[in-house]
Amino acid sequence: MTYVWQCVEAIDAVLDNIHFPLGDEAKLRELEAVFNELSKWRLPGTVAAGDGVVFRMQRPTKEATDGDVSFFLTRKGYYAYAMQGFVDSKCRFLNISMRIASSSHDSTAYLVSDLSEA
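The paragraphs below set out a description of the structure included in this document.

The rules we used
- Residues numbered from 1 in each chain as written.
- Predicted model: local features only at pLDDT ≥ 70, side-chain atom pairs only at ≥ 80, totals over all residues.
- Heavy atoms only, no water.
- 1 Å grid on protein atoms, 1.4 Å probe; cavity = no way out; pocket = protein on both sides within 12 Å on 5 of 7 lines; lining within 4 Å.
- Points joined across faces, edges and corners; volume = space filled by probe spheres on them.
- Helix = DSSP H or I, 4+ residues; strand = E, 2+ residues; numbered from the N terminus.
- Nonpolar A, V, L, I, M, F, W, Y, C, P; charged D, E, K, R; others polar.
- Pairing = 2+ DSSP bridges.
- Expected span 1.5 Å × (residues − 1).
- Buried < 20%, exposed > 50% of the residue type's maximum accessible area, 1.4 Å probe, protein only.
- Arc of directions from axis to C-beta.
- Contact = heavy atoms within 4.5 Å.

### Some remarks on the layout of surface pockets
Put simply, the second largest pocket is a space of about 400 Å³. Along the walls of the second largest pocket sit 19 residues, with V54, R75, S102, S104 and D106 positioned nearest its centre. Contributing elements (two or more residues each) for the lining of the second largest pocket: β1 (49–56), β2 (80–87) and α3 (106–111). Here the lining of the second largest pocket takes four residues from β1, the largest share from any one element. Looking at the lining of the second largest pocket residue by residue, the classes come out as eight nonpolar, seven polar and four charged.

### Overview of the pairing of strand β3 (residues 93–97)
Strand residues, when the strand is regular, have side chains that alternate between the two faces of the sheet. Where β2 and β3 come together, four bridges link them in antiparallel fashion. Looking across to β3, one finds that V87 is bridged to F93. Taken together, β2 and the strand that follows it, β3, pair antiparallel across an intervening segment of five residues, in which C91 is found at a positive phi of about 65 degrees.

### Brief notes about helix α2 (residues 25–38)
Between its terminal C-alpha atoms α2 stretches 20 Å, which fits the 20 Å expected from 14 residues at 1.5 Å a residue. Among all positions of α2, only L31, F35 and N36 are buried. Seen from one end, α2 has its buried residues packed into an arc of 140 degrees, which puts them on one side. Of the exposed residues in α2, those oriented more than 90 degrees away from the buried face are A26, R29 and E37. On the buried face of α2, the contacting elements are β1, β2 and β3. Downstream of α2 by a residue or two, K40 has a phi angle that is positive, lying close to 55 degrees.

Interpretation in functional terms is not warranted from these geometric data alone.
Here it is as structure tokens:
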């Protein structure tokens, strides 16, 4: 378990090619225009599409989770890591977040992501 987190943290520290253009109004308008065209104007204001996924894992140790393994237990009864991502109209990632436990609701995952503060 420790090795997985070390790997995720190492990738996160080096990977710097996924950026949501929060401060770039021209880019946001461009993203919206493409979604408008694809949806035939049924989704005005849309600049990205998001979803979450969980990746199964073995039961973590208490030491690896600061004593509470229940955060990694999904409502379906297996242990997992959670990831939430947002993509543009060409399915290129604009934002990825792994800040939330797999036991959390999608709306909670969104609220702790960088995007909810925008």
